[in-house]
Amino acid sequence: MLVTAAAVSTGLCQAAPEEIQVYLDEFAEPGQFGLDLHTNLVPSAQPGSPTFRQWRLTPELSYGINNHWEAGLYVLSSGAPDISHGHPVTDGAKVRLKWRPRAPSADSPWYFAVNWEVGHLAQRFDPDESSTQLKFIETYRQGPWLAGVNFNLNGSFRSHPQQSSSTELDYKLSYQVTGEDQGDLRLGLERYDTLGLLHRNAAVASPHTTSNFVVADFNLGGWDFDLGVGRSYGSAVANTDRTVIKLILGVPI
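Residues numbered from 1 in each chain as written. Predicted model: local features only at pLDDT ≥ 70, side-chain atom pairs only at ≥ 80, totals over all residues. Heavy atoms only, no water.

Thoughts on the overall build of the protein chain
Point 1. When you go through the protein chain residue by residue, the secondary structure sums to zero helices and 12 strands.
Point 2. Going from N to C terminus, the protein chain has its helices and strands arranged as β-β-β-β-β-β-β-β-β-β-β-β.
Point 3. In the protein chain, the proportion of contacts linking residues at least 24 apart, taken out of those at least 6 apart, comes to 55%.
Point 4. Just so you have it, the protein chain exposes about 12200 Å², and 61% of that area is on carbon and sulfur atoms. (Helix = DSSP H or I, 4+ residues; strand = E, 2+ residues; numbered from the N terminus. Contact = heavy atoms within 4.5 Å. Areas by Shrake-Rupley, 256 points an atom, 1.4 Å probe, with all protein chains shown as cover.)

Next up, the structure:
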């Protein structure tokens, strides 16, 4: 979910999202909790952008309901010198439900799931202060190769939203370099594409942005790391970031 669109011209800022991740086949075991910490930093942005040196921190708590359903909760926070004088501020919260018809199987390299989330967001990131997203997840594993594609439908709960519904495509391709006994290191690429608005408005420019990341996934002492460095491209209105560093830390609990 790379775009939480907001127009600079209205005083809102477009920034790296709270969660930069391509969903794959991760799923909490029934009756078990999981904890991920999503963090990112914008070390470079377009000249004059308020997102310069912005950081975001989002703990995600997940729970396996059964073999087919998983629930999750996100608590969003951020800070930036030109937005909150560097002090941490609360950006809202989201809840989600993920469903899969079956668990990953050695009989098939394919895996499918659907994730639905709703949230209340700070107005500086979303002019409607409410969000909903439906994410379709497809994963393919074959030998050391892993590929994933997410198709996202983004919208708002408001009856007359300021921001039109939009679509996104996220991709990931990675290769396993070392075995699980040596940290399960995977190196790969991620790409996040905003496809535009579902309902075009001549008065509003359709945001088209692309972000490409080089990523490394590995395990160290029971902690899971997803580390990436990316570059964003797009118009000044749709996207003000240039370089983004992200880290997803899976905490053993």
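Examining the environment of L76
Point 1. Secondary-structure assignment places L76 in strand 3 (residues 69–79).
Point 2. In this view, L76 contacts E18, R56, L57, T58, V89, T90, D91, G92, A93, K94 and L121; residues no more than four positions away in its chain are not counted.

Here we look at the side chain of N152
Point 1. The topology assignment puts N152 in strand 7 (residues 145–155).
Point 2. Of the residues examined, N152 reaches a relative accessible area of 0% and is grouped as buried.
Point 3. Here K135 takes part through its side chain, which lies 3.1 Å from a polar atom of the side chain of N152. (Buried < 20%, exposed > 50% of the residue type's maximum accessible area, 1.4 Å probe, protein only. Polar contact = N/O pair within 3.5 Å; in protein donor to acceptor, adjacent residues only side chain to side chain.)

Some thoughts on the layout of surface pockets
Point 1. Computed from the structure, the largest pocket encloses a volume of approximately 1200 Å³.
Point 2. Elements supplying a minimum of two residues to the lining of the largest pocket: strand 1 (33–45), strand 2 (55–64), strand 4 (89–99), strand 8 (166–176), strand 10 (209–220), strand 11 (223–234) and strand 12 (241–251).
Point 3. When residues in the lining of the largest pocket are grouped by element, the largest group, four residues, is from strand 1. (1 Å grid on protein atoms, 1.4 Å probe; cavity = no way out; pocket = protein on both sides within 12 Å on 5 of 7 lines; lining within 4 Å. Points joined across faces, edges and corners; volume = space filled by probe spheres on them.)

Let's talk about the packing of aromatic side chains
Point 1. What the rule picks out here adds up to five aromatic pairs.
Point 2. Taking the centre distance of 4.7 Å and the plane angle of 55 degrees together, the rings of W110 and Y140 count as tilted. With a gap of 30 residues between them, W110 in strand 5 (residues 110–121) and Y140 in strand 6 (residues 130–142) connect regions that are remote in the sequence.
Point 3. Since its relative accessible area comes to 45%, W110 is described here as partly exposed.
Point 4. Look at F218 and F225: their rings are 5.0 Å apart centre to centre, the planes differ by 5 degrees, and that puts the pair in the stacked class.
Point 5. Just above the ring of F27 sits the side chain of R100; from NZ or CZ to the centre is 3.9 Å.
Point 6. One Lys or Arg, K246, reaches over the ring of F213 and ends 5.9 Å from the middle of that ring. (Phe/Tyr/Trp six-rings, centres within 6.5 Å; stacked < 30°, edge-to-face > 60°. Lys NZ or Arg CZ within 6 Å of the ring centre and 35° of its normal.)

Focus: the pairing of strand 5
Point 1. Sheet analysis places strand 4 next to strand 5, joined by eight bridges and oriented antiparallel. Paired with W99 across the strands is V114, a residue of strand 5.
Point 2. Sheet topology note: the strand 5/strand 6 ladder contains 11 bridges and is antiparallel. Bridge pairing links W116 to L134 in strand 6. (Pairing = 2+ DSSP bridges.)

Some points on the pattern of salt bridges
Point 1. If you walk through the whole model with that rule in mind, you get 13 salt bridges.
Point 2. Here R56 ties to E18 by a salt bridge, and the two come within 4.0 Å at their closest N and O atoms. Placement of the pair is R56 in strand 2 and E18 in the segment before strand 1, with a sequence separation of 38 residues. Of the two residues, R56 and E18, neither departs from the other in class, the shared state being buried.
Point 3. With a shortest N-O distance of 2.8 Å, R96 and E70 are connected by a salt bridge. Of this pair, R96 sits in strand 4 while E70 is found in strand 3, placing the two residues 26 residues apart along the sequence. As far as the burial class goes, R96 and E70 line up, both buried. (Salt bridge = Lys/Arg side-chain N within 4 Å of Asp/Glu carboxyl O.)

Let's talk about the nonpolar core
Point 1. Core analysis: the biggest nonpolar cluster contains 11 residues, these being A16, I20, V22, L24, V42, A45, L146, Y192, F213, V215 and V244.
Point 2. For this core, the elements supplying multiple residues, two or more each, are strand 1 and strand 10.
Point 3. Formed by eight residues, the second largest nonpolar core is a distinct cluster that contains Y23, L76, Y111 and A113. (Core = buried A, V, L, I, M, F, W, Y, C linked by side-chain atoms within 4.5 Å.)

These figures come from the coordinates and say nothing about function on their own.
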